[in-house]
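Chain residues, written in single-letter form:
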Amino acid sequence: MVKELERDTGRLRLLTPLAKYFATEICHDLTRDAMQVFGGIGFTMDADVAKLHADSLIMTVYEGTSEIQASFALREMGKGALQLALGRIREELQASAEAPELQPLAERILQTISRVEEASQVLFADPPYALLRAKLMAQMVIDLISASELLIQAKADPERRDLAEAYVIRRMLDVAHAARRIRENHQGRLERDARIVSR
């Protein structure tokens, strides 16, 4: 009972800042896309979409900036919540893989989890670099959780399969690329940034 409570508390302490980060970031992206749909009139403050977009800009700040939420999530990941979250995703994927049509998608997510784990080892070995990459790590974990959830939905409702497949293929490529950036770009990154800023 105590172990389960600790596990659930760890997951909650990770998922809370991830949810805040994701909600504010996606709100900004969605309202910007909506303005594009409306065209020139979407930019005028007479259109509701322009007001919504203006409001979305502050959302990344006043509930705790995106950077702060991502750093909170990173701190929890470093305390073991990342392994809990990835373990939970693996369990969910085993259930999804029982459906033969979903097995290739589950395999793709599992391969991506391994890449994220490799990237996390690089991050947690270098805390200043980890803070620099906190938002990237937060987005990768969000994408893995979302992909797993979509597979669960696709197993329950086959009409959701196309959505799950589109998301998994697109986002797992992005996550794998981000994990590679973290692994391959960490050597000397902070020193390079300092030299660039000082010029």
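Everything discussed here concerns the structure shown above.
Note that the coordinates shown come from a computational prediction; the quantities given were computed from them, not determined experimentally.

K.L.:
Provide a residue-level description of the overall build of the chain, including the pertinent values.
P.N.:
Each helix and strand counted, the chain has nine helices and zero strands in total. Mapped from its N terminus to its C terminus, the chain presents α and β elements in the order α-α-α-α-α-α-α-α-α. Along the three orthogonal principal directions, the C-alpha set of the chain runs to about 50 × 50 × 35 Å. Burial statistics for the chain: of 199 residues in total, 36% are counted as buried. Sequence-distant contacts, at least 24 apart, represent 75% of the contacts inside the chain between residues at least 6 apart. With an accessible surface of roughly 11700 Å², the chain has 57% of that area assigned to carbon and sulfur atoms. Across the chain, the mean location of the 27 positive side-chain charges is 6 Å away from that of the 30 negative side-chain charges.

K.L.:
Tell me what's going on with a nonpolar patch on the surface, and back it up with residues and numbers.
P.N.:
A cluster of nonpolar side chains, Val 37, Phe 38 and Ile 41, forms an exposed patch at the surface whose accessible area comes to about 350 Å². Judged by its relative accessible area of 71%, Val 37 falls in the exposed class.

K.L.:
Can you lay out the environment of Phe 22 for me, pointing to particular residues and giving the numbers?
P.N.:
By the element assignment, Phe 22 lies in helix α1 (residues 2-38). Taking the C-alpha atoms as reference, Phe 22 lies 7.7 Å from Ile 142; in sequence the two are 120 residues apart.

K.L.:
Quick one: what's the story with the packing of helix α5 (residues 103-124) against helix α7 (residues 134-156), residue by residue and with numbers?
P.N.:
Their axes nearest at 11 Å, the elements α5 and α7 cross at an angle of 160°. When the interaxial angle is binned, α5 and α7 end up roughly antiparallel. As α5 runs across α7, the sense of the crossing is left-handed. Residues Leu 105, Ala 106, Ile 109, Thr 112, Ile 113, Val 116, Ser 120 and Leu 123 of α5 touch α7, and the partners they reach there are Met 137, Met 140, Leu 144, Ala 147, Ser 148 and Leu 151. Here the contact of α5 with α7 is built from residues that sort into eleven nonpolar, three polar and no charged.

K.L.:
Report on the pattern of salt bridges, specifying residues and quantitative values.
P.N.:
By the definition in use, this model includes twelve salt bridges. Salt-bridge contacts for Arg 171 lead to Asp 143; the nearest nitrogen and oxygen are separated by 2.5 Å. In this pair, Arg 171 sits in helix α8 (residues 161-184) while Asp 143 sits in helix α7, placing the two residues 28 residues apart along the sequence. You'll find Arg 171 and Asp 143 in the same group, each marked buried. When salt bridges with common partners are traced through the structure, they connect Arg 13, Arg 75, Glu 76 and Lys 79 into a single cluster.

K.L.:
Tell me about the packing of α5 against α8, and please be specific about residues and values.
P.N.:
Taken N-terminus to C-terminus, the directions of α5 and α8 make an angle of 20°; their axes are 9 Å apart at the nearest point. Compared by their axis directions, α5 and α8 come out roughly parallel. Judged by the sense of rotation from one axis to the other, the crossing of α5 with α8 is left-handed. Here Leu 105, Arg 108, Ile 109, Thr 112, Arg 115, Val 116, Glu 118, Ala 119, Val 122 and Leu 123 of α5 lie close against α8, whose contacting residues are Ala 164, Glu 165, Val 168, Ile 169, Met 172, Val 175, Ala 176, Ala 179, Ile 182 and Arg 183. Of the residues contributing to the contact of α5 with α8, the split by class is 14 nonpolar, one polar and five charged.

K.L.:
With reference to specific residues and values, describe the side chain of Ser 66.
P.N.:
Structurally, the position occupied by Ser 66 is in helix α4 (residues 66-97). With residues near it in sequence (within four places) discarded, Ser 66 still touches Tyr 21, Thr 24, Glu 25, Thr 60 and Lys 135.

Basis of the calculations
Residues numbered from 1 in each chain as written. Predicted model: local features only at pLDDT ≥ 70, side-chain atom pairs only at ≥ 80, totals over all residues. Heavy atoms only, no water. Helix = DSSP H or I, 4+ residues; strand = E, 2+ residues; numbered from the N terminus. Buried < 20%, exposed > 50% of the residue type's maximum accessible area, 1.4 Å probe, protein only. Contact = heavy atoms within 4.5 Å. Areas by Shrake-Rupley, 256 points an atom, 1.4 Å probe, with all protein chains shown as cover. Lys, Arg positive; Asp, Glu negative; His and termini not counted. Charge placed at Lys NZ, Arg CZ, Asp CG, Glu CD. Patch = residues over 30% accessible without salt bridge, like charges linked within 9 Å, V, L, I, M, F, W, Y side chains within 5 Å. Salt bridge = Lys/Arg side-chain N within 4 Å of Asp/Glu carboxyl O. Axes fitted to C-alpha atoms, helices over the stretch in contact; angles between N-to-C directions. Parallel < 35°, antiparallel > 145°, perpendicular 65-115°, else oblique. Left-handed = near helix turned anticlockwise from the far one by under 90°. Nonpolar A, V, L, I, M, F, W, Y, C, P; charged D, E, K, R; others polar.

Geometry only, nothing functional implied.
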